[in-house]
Amino acid sequence: MTISGANCAIVIASIMLLGGYLRLRRSWRIVLSLLTLLGFTILVTPEPSVLRSAVMATVTLASIGAGRPGRGVPTLLFVVIGLLVSDPWLARNYGFALSVLATAGLLVIAGPLCRVLSQWMPSALAALIAIPLAAQLACQPVLILLSPSLPLYGVPANILAGPAAPVATVIGLIACLALPVLPGVASGLLALAWIPSAWIAAVAQAVSTLPGNRLPWPGSAWGVLLLGVGTVLTLVVVLRGPGARPARWPVAVLAVLVVGLGGYAGSLIGTEIGRAVSFPANWQIAACDIGQGDAVVVRDGDAYGLIDVGPDPQLLSTCLATLGITRINLLVLTHYDLDHIGGVDAVIGRVDTALVGVPENAQDESLHARLTAGGATVRQAARGDSGTLGGLHWNILWPIRGATTMQVGNPGSITITFDGRGIRSIFLGDLGQEAQDALRRVSPPGRVDVVKVAHHGSADQSPELYAELRARVGLISVGVKNTYGHPTNKLLTILASVGTLSACTDQEGMSVVAPGADGALVLWTEKVAARGPPGSPTETPAALRMS
């Protein structure tokens, strides 16, 4: 959030120190800093957050040069007003908003927080905690709109990763400047800059896999308002400090916070207890709630298969951590759309065997190379391939190896079935109606218990295929309020007409299927809102038994 401002400060400080070492006059140091800042902005591209940082740094340098150093908050307000007047659309840009809020948090909150914390710890440690905490508190109400959750380890992660940022910035900038004239030296510097960059990435990856790394929070306007009010009330209590004189209204504020936090903690504990009690221990299929994309786990005992990885590594990591999965024995990447492969970083180095389709470009081949470098055996899959996952037998029905059409893209989605332990399932990737009908002709799938519905429930479906499958459960991996209108009424009507109960991750969250007694199925959903046929909505319990 504040990395653009920090980088600009690092660049300017470096130039000013270098100018002082060379005994340049202050005016020349300021001019050199401005020129370097301009080049740095062009190099990293003038995105809204970078633009805010660069303009603010320019105003600050100009005021220093004029002998009238400005104060932080007035300078920030002057720059924000000026930028919004020149481009009002910046007001709708999340990067710009977060940059402004993070800077405001550092200017307004960091100092008081540091003074309060220094009463219990050394001043250096207090500052180390106060800086990322202030930025996090200021930005969190807006971050809720991007991800309706609270990062539990955000501040510790920033404390660990923060010191590496200036090192990577300075070395990387020097390498970029040296690249045109001294490519050999630049290559060495870039390799050196990789070390702090890798540390930052390692911290992010490690934190994203920790249990409970994000706590749920409402993502609506009410959620933003509630968090904003709670943050202000908390600061009112905390920033008074232990030596402040008692007053009635801070006591009332503290009482409101205790009741609110107690209620929130109670709801989380109650939810986790309810999940632990109702979650089927013998689950076999779990559709992760990863937004508009696919990531479905198939399991037998300690053997795990994963069909696609969704659009976001962090969301996938959260799902895998929730399910207690550390190793993927079989990874299936049905095709190369971002909503099916974007989260692959979450499983690199954790995969035994990967089944992939025909690569369409060098980027796809690079993905194969990354999986291989992480220790996976990568195989191109096609009709006729088969194998086992624990006690489950899997079989590839589509695409046809060597065919002249429908080998890549949505029509070429790898379609796989799993059979065993009382459940037969099929995963259709993003197949459209034409490919689904072709699948029926060359590889009739027959009856199944569970179908992973194709293409997030789009209208491009074959009623004949779903009539042949006659699945008891249809899993639809779909994003909340997605712009595609998924799942469509056409698809929901098709499922209802053949007696298939749909479970959609946008409304139900994670959806889990387990074998029950006497051939029954148990459908467990994270939220109580199972979707019925169009026009006749149904509400089911979190655990549903179906014969």
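Just above, that's the structure.
Residues numbered from 1 in each chain as written. Predicted model: local features only at pLDDT ≥ 70, side-chain atom pairs only at ≥ 80, totals over all residues. Heavy atoms only, no water.

(A) Quick look at the packing of aromatic side chains. Taken as a whole and assessed by the stated rule, the structure comprises two aromatic pairs. Consider the rings of Trp283 and Tyr304, whose centres lie 6.3 Å apart with planes at 35°: the pair is tilted. With Trp283 in the loop between helix 12 (248–278) and strand 3 (285–287) and Tyr304 in strand 5 (residues 303–307), the pair connects residues that are 21 residues apart, well separated along the chain. No difference in accessibility class separates Trp283 from Tyr304, as the two residues are buried. (Phe/Tyr/Trp six-rings, centres within 6.5 Å; stacked < 30°, edge-to-face > 60°. Helix = DSSP H or I, 4+ residues; strand = E, 2+ residues; numbered from the N terminus. Buried < 20%, exposed > 50% of the residue type's maximum accessible area, 1.4 Å probe, protein only.)

(B) Quick look at the packing of helix 7 (residues 123–146) against helix 11 (residues 221–238). Between helix 7 and helix 11, the least distance of the axes is 9 Å, while the angle of their chain directions is 170°. If you check the angle between helix 7 and helix 11, you find them roughly antiparallel. The crossing of helix 7 and helix 11 is right-handed. From helix 7, Leu137, Gln140, Pro141, Ile144 and Leu145 reach across to helix 11, where they touch Val224, Leu227, Gly228, Thr231 and Leu235. The residue inventory of the contact of helix 7 with helix 11, partitioned by class, reads seven nonpolar, three polar and no charged. (Axes fitted to C-alpha atoms, helices over the stretch in contact; angles between N-to-C directions. Parallel < 35°, antiparallel > 145°, perpendicular 65-115°, else oblique. Left-handed = near helix turned anticlockwise from the far one by under 90°. Contact = heavy atoms within 4.5 Å. Nonpolar A, V, L, I, M, F, W, Y, C, P; charged D, E, K, R; others polar.)

(C) Structural detail: the sheet that holds strand 14 (residues 473–476). Ordered by their spatial adjacency, seven strands build an open sheet running 9-10-11-12-13-14-15, and the pairing between neighbours is mixed. Edge positions in the open sheet fall to strand 9 (386–389) and strand 15 (501–504), since each of these has one partner strand only. Each strand of the sheet is rotated relative to its neighbour by a mean of 20°, with strand direction disregarded. Strand direction decides the pairing type here: strand 9 and strand 10 (residues 392–398), joined by four bridges, are antiparallel. Residue Leu389 lies in a different strand from strand 10, and its bridge partner there is Leu392. (Pairing = 2+ DSSP bridges.)

(D) Region of the structure containing the pairing of strand 17 (residues 521–525). Burial within strand 17 is extensive, with five of its five residues counted as buried. Burial of the side chains of strand 17 extends over both faces: Leu521, Leu523 and Thr525 are buried on one face and Val522 and Trp524 on the other. Connecting the antiparallel pair strand 16 (residues 511–515) and strand 17 is a turn made up of five residues, with Asp518 showing a positive phi of about 55°.

(E) Structural context of the pattern of salt bridges. Across all of its chains, the model carries nine salt bridges by this definition. A salt bridge links Asp345 to Arg370; the nearest nitrogen and oxygen atoms lie 2.1 Å apart. Placement of the pair is Asp345 in the loop between helix 14 (338–341) and strand 7 (351–356) and Arg370 in helix 15 (residues 362–373), with a sequence separation of 25 residues. Judged by relative accessible area, which is 37%, Asp345 ranks as partly exposed. The residue Asp419 makes a salt bridge to Arg424 at a minimum N-O spacing of 3.9 Å. (Salt bridge = Lys/Arg side-chain N within 4 Å of Asp/Glu carboxyl O.)

(F) How the structure looks around the nonpolar core. Trp283, Val297, Leu331 and Val347 are the most contacted members of the largest nonpolar core, which has 33 residues in total. Among the elements of the structure, strand 5, helix 13 (313–323), strand 6 (328–332), strand 7, helix 15, strand 16 and strand 17 are those that each provide at least two residues to this core. Examining the composition of this core, we find that four residues originate from one element, helix 13, more than from any other. When neighbours within four sequence positions are excluded, Val297 is seen to be in contact with Trp283, Gln284, Ile285, Ala286, Cys288, Tyr304, Gly305, Leu306, Leu320, Leu323 and Ile325. (Core = buried A, V, L, I, M, F, W, Y, C linked by side-chain atoms within 4.5 Å.)

(G) Molecular detail of helix 4 (residues 72–86). Across its 15 residues, helix 4 extends 21 Å between first and last C-alpha, which sits within 8% of the 21 Å expected from 1.5 Å per residue. Within helix 4 the residues assigned to the buried category are Thr75, Leu76, Val79, Val80 and Leu83. All buried residues of helix 4 fall inside an arc of 125° around its axis, so they share one side. Away from its buried face, by an angle of more than 90 degrees, helix 4 presents the exposed residues Phe78, Ile81 and Val85. (Expected span 1.5 Å × (residues − 1). Arc of directions from axis to C-beta.)

(H) Up close: the environment of Leu227. Here Leu227 lies in helix 11. Between the alpha carbons of Leu227 and Pro141 there is a distance of 6.0 Å; along the sequence they are 86 residues apart. Setting aside residues no more than four positions away along its own chain, Leu227 makes contact with Gln140, Pro141, Ile144, Leu150 and Trp217.

(I) A look at the pairing of strand 12 (residues 423–427). Across the five residues that make up strand 12, a large majority, four, are buried. Of the strand pairs in this sheet, strand 11 (residues 415–420) and strand 12 are connected by five bridges, and their pairing is antiparallel. What sits directly across from Gly420, in strand 12, is Ile423. Connecting strand 11 to the antiparallel partner strand 12 that follows it, the hairpin turn spans two residues, and Arg421 within it adopts a positive phi of roughly 55°. Where strand 12 lies against strand 13 (residues 450–452), three bridges are found, and the strand directions are parallel. Within strand 13, the residue paired with Ser425 across the bridge is Val450.

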